[in-house]
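Commentary on secondary and tertiary structure
So the chains spell out like this:
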Amino acid sequence: MSQPKVFVTRKIVQAGLDRLQNEFDVEIWEDAAPPSREVLLEKIRGCHGVLTMLSEKVDDEFFEAAGDQLKVISQYAVGYNNIDVEAAKKRGIAVGNTPGVLTNATADMAFALLIASARRLIEGDQYIHNGNWKSWEPLGHIGWDLEGKTVGIVGLGRIGETFAKRCQGGWDMKVLYTSRSPKPEAEQKLSAVRVEFEELLERSDFVSVHCDLNEETKGMFNAAAFERMKNDAIFINTARGGIHVQPDLVQALKTGQIGAAGLDVTDPEPPSLNDEILQLANCLVAPHIGSATTSTRNNMAEIAIDNLALGIDGKPLRCSVT
Ligand code: DGY
């Protein structure tokens, strides 16, 4: 019997590739850069399943191009703002993602950005590499303390809460949060306090974004939001670049409206080399690597391929977003 036809939009970890080769009639996009839209629409034609990354726009046009046999979209990420889930539902196409397994890695990344921004690590590293370090400097490279500060977490889901644990347990920070619904357990365990967005901005020394990108959160960190923040506040975003308005963030960092930023996500992604966000000493930018640890990526592959196989068989997915 012929195997189901599958397209995978980027190379993933080897264990995942081996399994894909065994279980499906698979084509894997080998380039580091995603396929162009035109090529993507061509490649998915006749597929029963597609394993997507967050860079692929999955919408009606995509479904039309794939054809009626398409059963499942398996996203190799927890976030799926690139997928029109309603359009998939209408067509009876299952959509899966990879929640849970990247919680620790992403929370660690947010903390790495926070401590590296607070202690100006990248600036220091560049200073040495540029040959500027002459002697121990009593006034050089002075940063921020973390102990006992107030951290504001926007979106206290799995990742937000895990980040909060690190801040509260390790550095004795006070935790403020915003969330669609109250989180009584986190309030109890972490003494976290749910506040309005504006209050969180005004009271927090560090603000970290852990919510989904959707119509409600798109651009919520704009000039007005940055204006409410403390002048020495540090802004961390490991969620999606579209949640901040990048020109407004650049302005806030340039004018000293806020102190520093650590970003694992940008808008657009990647930014062009002359994007001002890359020219600022007080902004640290990483290439969207929150989930980039060996075990996390292996676990993501396992869930994504399970989702693919189950969806093609018409069974409930291991992790479904529909
Ligand atoms: C996700 O899973 O949504 C991350 O942004 C990429 O791993």
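The model shown is predicted, which means the values in this text are computed figures rather than measured ones.

Another aspect to go through is the overall build of the chain. Counting its secondary structure elements, the chain contains 12 helices and 12 strands. Relative to a compact globule of 322 residues, whose C-alpha radius of gyration would be 20 Å, the chain shows 21 Å and is just as compact. With the C-alpha coordinates aligned to their principal axes, the bounding extent of the chain is approximately 75 × 50 × 35 Å. Within the chain, the fraction of its 322 residues that count as buried is 49%.

Attention now goes to helix 12 (residues 294–312). Its 19 residues place the ends of helix 12 27 Å apart at the C-alpha level, agreeing with the 27 Å of an ideal helix rising 1.5 Å per residue. Every buried residue belonging to helix 12 is among Thr296, Met300, Ala301, Ile303, Ala304, Ile305, Asp306, Asn307, Leu308, Ala309, Gly311 and Ile312, and all of these are buried. Contacts from the buried residues of helix 12 go to strand 1 (5–8), helix 1 (14–23), strand 3 (49–52), strand 4 (72–75), strand 5 (94–96) and helix 5 (103–118). Where helix 12 ends, the next residue or the one after it, glycine 314, has phi of about 75°, a positive value.

With that settled, the discussion passes to the side chain of threonine 162. Within the secondary structure, threonine 162 sits in helix 7 (residues 158–171). Here threonine 162 falls in the buried class, since its relative accessible area comes to 9%. Not counting chain neighbours up to four residues away, the residues in contact with threonine 162 comprise Thr103, Asn104 and Ala107.

A few words on the site of the ligand. Every residue close to the ligand is listed here: Leu54, Ala77, Val78, Gly79, Leu102, Arg240, His288, Ser291 and Met300. Contact distances for the ligand include 2.7 Å between an oxygen atom and a side-chain N or O atom of arginine 240. Contacts to the ligand include histidine 288, whose side-chain N or O atom sits 2.6 Å from an oxygen atom. Against a free-state accessible area of 230 Å², the protein chains account for coverage of 89% of the ligand.

As a further point, take the packing of aromatic side chains. For the coordinates displayed, the defined rule picks out 7 aromatic pairs. When the centroid spacing of 6.0 Å and the interplanar angle of 40° are considered together, the rings of phenylalanine 221 and phenylalanine 226 count as tilted. When sorted by exposure, phenylalanine 221 lands in the same class as phenylalanine 226, which is buried. Aromatic pair phenylalanine 221 and phenylalanine 235: ring centres 4.8 Å apart, planes at 50°, arrangement tilted. Pair noted here: phenylalanine 221 is in the loop between strand 9 (206–209) and helix 10 (223–228) and phenylalanine 235 is in strand 10 (residues 234–237), with a separation of 14 residues, a long-range link. In terms of burial, phenylalanine 221 and phenylalanine 235 fall into one category: buried.

Scanning the entire structure with this criterion turns up 23 salt bridges. In this structure, glutamate 30 and lysine 11 form a salt bridge, with 3.8 Å as the shortest nitrogen-oxygen distance. A residue pair is termed long-range when its members are at least 10 positions apart, and glutamate 30 in the loop between strand 2 (25–28) and helix 2 (37–43) and lysine 11 in the loop between strand 1 and helix 1 qualify at 19 residues. The salt bridge involving arginine 19 is made with glutamate 23; its shortest N-O contact spans 2.7 Å. One end of the pair, arginine 19, and the other, glutamate 23, are both in helix 1, 4 residues apart, so they sit about a helical turn from each other. Overall, the relative accessible area of 22% leaves arginine 19 in the partly exposed class. On the basis of relative accessible area, glutamate 23 is assigned to the partly exposed category, the value being 32%. The network of salt bridges with common partners includes Arg19, Glu23, Glu302, Asp306 and Arg318.

For the rest of this paragraph, the subject is the sheet that holds strand 2. Reading across from one edge, 2-1-3-4-5 is the order of the 5 strands in this open sheet, with parallel pairing throughout. Unpaired on one side and paired on the other, strand 2 and strand 5 mark the two borders of the sheet. Across this sheet, the average inter-strand angle for adjacent strands is 15°, counted without regard to direction. Pairing geometry for strand 1 and strand 2, over 4 bridges, is parallel. Its bridge partner being in strand 2, lysine 5 is matched across the sheet by aspartate 25. On top of the sheet, helix 12 reaches strand 1, strand 3, strand 4 and strand 5; it is set at about 175° to strand 4, its chief contact.

Quick notes on the rules
Residues numbered from 1 in each chain as written. Predicted model: local features only at pLDDT ≥ 70, side-chain atom pairs only at ≥ 80, totals over all residues. Heavy atoms only, no water. Helix = DSSP H or I, 4+ residues; strand = E, 2+ residues; numbered from the N terminus. Rg over C-alpha atoms; globule rule 2.2 N^0.38 Å. Buried < 20%, exposed > 50% of the residue type's maximum accessible area, 1.4 Å probe, protein only. Expected span 1.5 Å × (residues − 1). Contact = heavy atoms within 4.5 Å. Near = heavy atom within 4 Å. Polar contact = N/O pair within 3.5 Å; in protein donor to acceptor, adjacent residues only side chain to side chain. Areas by Shrake-Rupley, 256 points an atom, 1.4 Å probe, with all protein chains shown as cover. Phe/Tyr/Trp six-rings, centres within 6.5 Å; stacked < 30°, edge-to-face > 60°. Salt bridge = Lys/Arg side-chain N within 4 Å of Asp/Glu carboxyl O. Pairing = 2+ DSSP bridges. Axes fitted to C-alpha atoms, helices over the stretch in contact; angles between N-to-C directions.

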